[in-house]
Amino acid sequence: MKLSETQRNAWRITVDYTNMTDKYLGDKGISQRELDAHRKLARAAHAYVSENRGKDELFMGWTELPYNQTEIVEDILKTAKEIRKKFDYFVVLGIGGSALGPIMAFNALCHLHYNDLPKSKRRGPKFYVEDNVDPVRMKELLDVIDVRKTCFNVISKSGATSETMTQYLIIADLLKAAGEDVKDHVVFTTDASRGNLVKISKELGGVKSFVLGDGVGGRFSELSPVGLLPAAVLGIDIKTLLKGAAYMDKLCRRPDLKKNPALVSALLQYISMQNGKNIGVLMPYSDNLKFVSDWYAQLWAESLGKNETLSGEKCNVGQTPVKALGVTDQHSQVQLYTEGPFDKVVTFLSVGEYKEKFPIPHGCENIPDVGFLGGHTMEELIQAENRATAFALTKAGRLNYTINLPVVNEFTLGQLLYFFELQTAYAGAMFNINTFNQPGVEAGKKATFALLGKPGYEGQKAELAGAAPDENYII
Ligand code: PA5
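Attention in this report is confined to the structure presented alongside it. (Residues numbered from 1 in each chain as written. Predicted model: local features only at pLDDT ≥ 70, side-chain atom pairs only at ≥ 80, totals over all residues. Heavy atoms only, no water.)

Most of strand S2 (residues 89–93) sits inside the fold, with five of its five residues counted as buried. Going residue by residue along S2, you find Tyr89, Val91 and Leu93 tucked away on one face and Phe90 and Val92 tucked away on the opposite face as well. Sheet topology places S2 next to strand S3 (residues 126–130); five bridges connect them, and they run parallel. In the strand pairing of S3, Val91 is matched with Tyr128. Handedness of the crossover joining S2 and S3 through helix H6 (residues 100–109) is recorded here as right-handed. Sheet analysis places S2 next to strand S4 (residues 150–155), joined by five bridges and oriented parallel. (Buried < 20%, exposed > 50% of the residue type's maximum accessible area, 1.4 Å probe, protein only. Helix = DSSP H or I, 4+ residues; strand = E, 2+ residues; numbered from the N terminus. Pairing = 2+ DSSP bridges. Right-handed = clockwise from strand over helix to strand, strands pointing away.)

Right under this line is the structure:
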């Protein structure tokens, strides 16, 4: 998509933090004095991210993804075109950072009932992301696809993730049983040289593969081939997605809190966490943005949930992300947000102009409870409910702020992803933690290896046997 400067600026996403301030929340809000007291910390966080951007050894390669993929993007577009021509189904096998981005982009930028549309109305094959090892889900996926007409995008940086590799073993076996050449049905997205998928590719005689660079961790990989290939297969304009990210990057190069949306957002969250706001609710008022919350939950939780600073001091930091959807969760969780403990920050994702307005017809004029709705649009209703919820929370002294997307498209989604990635990097720098590792995830992975008999984990197997359930506590 060609975008003029005027168009870019009209589609700029903004952060409105009015309802975080003491001016509107009284003593429950953040004061100018508090912001000023943290100005130096914010500058230092900005400087840390700016100075280390692109450094693979610090896992900050993701900052450069909007700029350094020209050839890769062309290869992705060519591959996507071939996949669209050849296959009826496209299935991503991956988990965590190798799945949540593709799910998010699919839901944000494709028809909400994409797979139910007739082929002529879809821009690509039917799309599924298998990010679990529930055997029922595996079996039932196989009930709705034909493996002979399916391309499987196996996404795993390590190629050692039990879940993804289990799925791979199953589909490879099925393809062989169907008389197909596995190589013709898989595309790998993996590490350049070290991962097991590299070895498997060699064994199969050279599988079409895309590289997930050394400096790009799973949860920061949506703008790499991890997210770009599935998006391109779906007909999403990946060049514009990257342009959106670059646009946000440019805005956030500015160290001034007043001018850098990701920096101000990170600081507001940081101050809130220091004040005991241990829960961060992300509440998009848009079904298209529903799965941004799942992607963000991993980014925020895995990056900030740490027990040690970079200087080796003990700490237990982080904020529990909660996924909510406007307006749906107004009818379930908002009661708690308004009257429960003062332990949350609510972030709304608001949309200026929806793809559809959908007029509400007149009718039931003699029933005032219903009649007043006629003549409005559904867009007006959802926006009014968004505004009303923010108002109610503010009146109840609850911290909340809004990220405004003028529209939902590739350009604004690219901005939003990069915004959240930067916000996370800034917040991690403020806490002086390693934002990009995940040692806490490893313990469970290792215990699973031990339980299933992976060589080298015999000691842990014995330890697990000793940790069997105690009969005294089972009723
Ligand atoms: O963010 C992360 O690093 C994780 O969520 C990984 O993406 C996830 O564990 C999958 O790992 P891999 O890509 O090695 O299969």
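Past the structure itself, the notes keep going.
Among the 14 residues in the neighbourhood of the ligand, the closest are listed as Ser156, Lys157, Ser158, Thr161 and Gln298. Within the backbone of Arg219, one N or O atom sits 3.1 Å away from an oxygen atom of the ligand. Between an oxygen atom of the ligand and a side-chain N or O atom of Glu302, the distance comes to 3.1 Å. Coverage of the ligand by the protein chains reaches 88% of its 380 Å² of free accessible surface. (Near = heavy atom within 4 Å. Polar contact = N/O pair within 3.5 Å; in protein donor to acceptor, adjacent residues only side chain to side chain. Areas by Shrake-Rupley, 256 points an atom, 1.4 Å probe, with all protein chains shown as cover.)

Working note: regular strand, side chains alternate between the two faces of the sheet. Among the six residues of strand S12 (residues 400–405), five are classified as buried, and the element is accordingly described as predominantly covered. Sheet topology note: the strand S1 (residues 14–16)/S12 ladder contains three bridges and is antiparallel. Bridge pairing in S12 links Thr14 to Asn404. Relative to S12, strand S11 (residues 344–351) is paired through six bridges, and the arrangement is parallel. In the sheet register, Ser350 faces S12, and the bridge partner there is Asn404.

Glancing now at unusual backbone geometry. Here the residue pair Gly326 and Val327 is connected by a cis peptide bond, since its omega of 0 degrees sits within 30 degrees of zero. Inspection of the secondary structure assignment puts Val327 in the loop between strand S10 (320–323) and helix H14 (334–339). In this structure, Phe358 is a non-glycine residue whose phi angle is positive, near 55 degrees. Positive phi values are uncommon outside glycine, yet Asn432 reaches one of about 55 degrees. Mapped onto the elements, Asn432 comes out in the loop between helix H17 (410–431) and helix H18 (439–451).

Turning next to the sheet that holds strand S5 (residues 186–190). Within the open sheet, the five strands sit side by side as S3-S2-S4-S5-S6. Their pairing is parallel. Every other strand in the sheet has two partners, leaving S3 and strand S6 (208–211) as the edge strands with one partner each. Across this sheet, the average inter-strand angle for adjacent strands is 15 degrees, counted without regard to direction. Two elements, S5 and S6, share four bridges in a ladder whose sense is parallel. The residue bridging Phe188 from the neighbouring strand is Ser209, located in S6. In this fold helix H5 (residues 70–86) packs onto S2, S4, S5 and S6, with an angle of close to 145 degrees to the strand it touches most, S6. (Axes fitted to C-alpha atoms, helices over the stretch in contact; angles between N-to-C directions. Contact = heavy atoms within 4.5 Å.)

Contact geometry for H5 and helix H10 (residues 225–233): axes closest at 8 Å, N-to-C directions at 40 degrees. As far as their axial angle goes, H10 and H5 are oblique. The interaxial crossing formed by H5 with H10 has right-handed handedness. Residue-level inspection shows Ile72, Val73, Ile76, Leu77, Thr79, Ala80, Ile83 and Arg84 of H5 in contact with H10, the latter providing Pro225, Leu228, Leu229, Ala232 and Val233. When the residues that make up the contact of H5 with H10 are grouped by side-chain class, the tally is 11 nonpolar, one polar and one charged. (Parallel < 35°, antiparallel > 145°, perpendicular 65-115°, else oblique. Left-handed = near helix turned anticlockwise from the far one by under 90°. Nonpolar A, V, L, I, M, F, W, Y, C, P; charged D, E, K, R; others polar.)

Next up on the list: the packing of aromatic side chains. One pass over the full model with this rule turns up 17 aromatic pairs. Ring centres of Trp62 and Phe436 lie 6.3 Å apart, and the angle between their planes is 45 degrees; this geometry places the pair in the tilted category. Pair noted here: Trp62 is in the loop between helix H4 (39–52) and H5 and Phe436 is in the loop between H17 and H18, with a separation of 374 residues, a long-range link. By the burial criterion, Trp62 is buried, and Phe436 matches it. On the basis of an interplanar angle of 45 degrees and a centroid distance of 4.5 Å, the ring pair of Tyr296 and Phe420 is categorised as tilted. Note that Tyr296 is positioned in helix H13 (residues 292–304) and Phe420 in helix H17, a separation of 124 residues in sequence. (Phe/Tyr/Trp six-rings, centres within 6.5 Å; stacked < 30°, edge-to-face > 60°.)

This paragraph deals with the sheet that holds S10. By definition, the strands of a sheet pair up through backbone hydrogen bonds, in either a parallel or an antiparallel sense. Overall, mixed pairing links the five strands, which are arranged S1-S12-S11-S7-S10 in an open sheet. Two strands lie at the open edges of the sheet, namely S1 and S10, each paired on one side alone. The average undirected angle you get between the axes of adjacent strands in this sheet is 20 degrees. Packing against the sheet, helix H12 (residues 261–274) makes contact with S1, S11 and S12, and its axis sits at approximately 155 degrees to S11.

Worth remembering: the numbers are spatial, not functional.
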